[in-house]
Amino acid sequence: MPISLHHLRAGNASRWAVCQDGEWGELDSTLADLLALPLDQARAVVEAAAREARGGMPGEEALPPVDLQEVWAAGVTYLRSRDGRKEESGHGSLYDDVYDSDRPEIFFKSSPWRVVGDRDAVGIRADSGWDVPEAEVGLVLNAARDVFGYTLANDMSSRSIEGENPLYLPQAKIYDRSCAVGPAIVPSWAVDPGPFPIGLRVLRDGREAYAGTTSTSAMARSFEDLAGWLFRALSFPAGVVLLTGTGVVPDADFTARPGDTIEISSPALGTLTNPVVAIGDATGGKEQP
């Protein structure tokens, strides 16, 4: 990554920094500040900090590269995703319809405080028996809908819960540690606009339990189209992160397990690595008969 934006913990506070060719520069602005600006002004702020980049990382650890931004997600944007959703569900025609329709599937994924970053744990629900990572490119959009930057994301998903009934989508998608973003934001002006190759690996007991690749060139919709639909009746004064869907769907005999490690990578965007833990309990605290 020739230039990237990082959210860092510094003592009891956090700060934003720019990394360029291994040298670090501090930003006086938050990500929300930058995404409230016109894109050319935000670029000027970032490039000024990059020119002053010197020395090591000005913080103790990396945080998720969001501050006030909600995370939204698009579904069924790849043919493989459509087929996977049909595979898990008795409502296959529903996914055919949304894949072919003008209006995409867009859903709320995470509040910013629920997002986890690189090296932090992602979760699988304890009341789900079939769970997968979803490797995606995330668009970091400013208040004016411009693409400020790109990042990697993991949209953890319960295939068993959504497959039981599509109306269970929020429970399949939205829970603690279900959304990982990182390791950083690569500004849109510092990288080609795609297509981005994406790799997914799941490691289990030191061995590769699953591996797959895709490219955003296989998407049925463009980044611009998805952003346009998200902003049709919503405003985001502090910007927003939009996940663009997954083209890597493990076969039906694979499920993620606690103790696994998930790696999502793209050459221009880095590698997002997260261990897996179980979240919640299978009974909701109720004693079983």
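See the structure shown above.
Rules used in this analysis
- Residues numbered from 1 in each chain as written.
- Predicted model: local features only at pLDDT ≥ 70, side-chain atom pairs only at ≥ 80, totals over all residues.
- Heavy atoms only, no water.
- Helix = DSSP H or I, 4+ residues; strand = E, 2+ residues; numbered from the N terminus.
- Buried < 20%, exposed > 50% of the residue type's maximum accessible area, 1.4 Å probe, protein only.
- Contact = heavy atoms within 4.5 Å.
- Expected span 1.5 Å × (residues − 1).
- Arc of directions from axis to C-beta.
- Pairing = 2+ DSSP bridges.
- Core = buried A, V, L, I, M, F, W, Y, C linked by side-chain atoms within 4.5 Å.
- Axes fitted to C-alpha atoms, helices over the stretch in contact; angles between N-to-C directions.
- Salt bridge = Lys/Arg side-chain N within 4 Å of Asp/Glu carboxyl O.

*Asks:* Residues and numbers for the overall build of the chain, please.
*Replies:* The helix and strand inventory of the chain stands at 7 helices and 17 strands. Seen through its C-alpha atoms, the chain measures out along the principal axes to roughly 60 × 40 × 35 Å. In the chain, which comprises 289 residues, the proportion classed as buried is 55%. When contacts within the chain are restricted to residue pairs at least 6 apart in sequence, those whose partners lie at least 24 apart make up 74%.

*Asks:* Lay out helix α2 (residues 39-51) in plain terms, naming residues and giving numbers.
*Replies:* Because the α-helix completes a turn every 3.6 residues, residues three or four places apart line up on one side. The end-to-end C-alpha distance of α2 is 18 Å, a good match for the 18 Å that 13 residues give at a rise of 1.5 Å each. Listing the buried residues of α2 in full gives Ala-42, Val-46, Ala-49 and Ala-50. One face of α2 carries all of its buried residues, which in axial projection span an arc of 105°. In this structure, α2 carries Asp-40 and Arg-51 as exposed residues pointing more than 90 degrees from its buried face. Here the buried face of α2 lies against β1 (3-10), β2 (13-20), β3 (23-26), α1 (31-36) and β10 (147-155).

*Asks:* I'd like to hear about helix α7 (residues 223-230), residue by residue, with values.
*Replies:* Counting buried residues in α7 gives 6 out of 8 residues, a clear majority hidden from the surface. Taken residue by residue, α7 has Phe-223, Leu-226, Ala-227, Gly-228, Trp-229 and Leu-230 as its buried positions. On its buried face, α7 is in contact with β5 (70-75), β6 (105-110), β9 (135-141), β10 and β15 (240-243).

*Asks:* Can you lay out the pairing of β1 for me, pointing to particular residues and giving the numbers?
*Replies:* Counting buried residues in β1 gives 7 out of 8 residues, a clear majority hidden from the surface. Note that β1 and β2 share 8 bridges and pair antiparallel. Bridging across to β2, Leu-8 finds its partner in Arg-15. Counted between consecutive antiparallel strands, the loop separating β1 from β2 contains 2 residues, among which Gly-11 sits at a positive phi close to 65°. As judged from the 3 bridges shared by β1 and strand β4 (residues 61-63), these two strands associate in the antiparallel manner. Paired with Leu-8 across the bridge in β4 is Ala-62.

*Asks:* Describe the nonpolar core, listing the residues and the values that go with them.
*Replies:* With 43 residues, the main nonpolar core has Leu-141, Tyr-150, Leu-230, Ile-262 and Ile-264 as its most contacted residues. Dropping the residues within four chain positions of it, Leu-230 is found in contact with Trp-72, Ile-106, Leu-141, Phe-236, Val-240 and Leu-242. Formed by 26 residues, the second largest nonpolar core is a distinct cluster that contains Ile-3, Val-18, Leu-27 and Val-241.

*Asks:* Requested: an account of unusual backbone geometry, with residues and values cited.
*Replies:* The linkage connecting Gly-182 with the following residue, Pro-183, adopts the cis geometry, with an omega of 5°. Of note, Pro-183 is situated in strand β12 (residues 179-187). The phi dihedral of Val-76 is positive, around 55°, even though this residue is not glycine. Within the secondary structure layout, Val-76 lies in the loop between β5 and α3 (79-88). Phi at Arg-119 is positive, roughly 80°, even though this residue is not glycine.

*Asks:* Which residues make up the sheet that holds strand β13 (residues 197-204), and what values do they have?
*Replies:* Pairing is mixed across the open sheet formed by 5 strands, whose spatial order is β7-β17-β16-β13-β14. The open sheet has two free edges, formed respectively by β7 (122-125) and β14 (207-215), since each of these has just one partner strand. Here the average twist between neighbouring strands, direction ignored, is 25°. In the sheet, strand β16 (residues 261-266) pairs with strand β17 (residues 270-279) via 6 bridges, with the strands oriented antiparallel. Each bridged residue has a counterpart across the sheet, and for Ile-262 the counterpart in β17 is Asn-274.

*Asks:* An account of the pattern of salt bridges is needed here, citing residue identities and associated values.
*Replies:* All chains considered together, the criterion is met by 14 salt bridges. Glu-47 is paired through a salt bridge with Arg-43; the nearest N and O atoms lie 2.8 Å apart. Here Glu-47 pairs with Arg-43, and both are found in helix α2, just 4 residues apart, close to one helical turn. Overall, the relative accessible area of 35% leaves Arg-43 in the partly exposed class. With a shortest N-O distance of 2.8 Å, Arg-125 and Asp-127 are connected by a salt bridge. Overlapping salt bridges bring together Lys-109, Glu-134, Asp-155 and Lys-173 as one network.

Keep in mind these numbers describe shape, not what the thing actually does.
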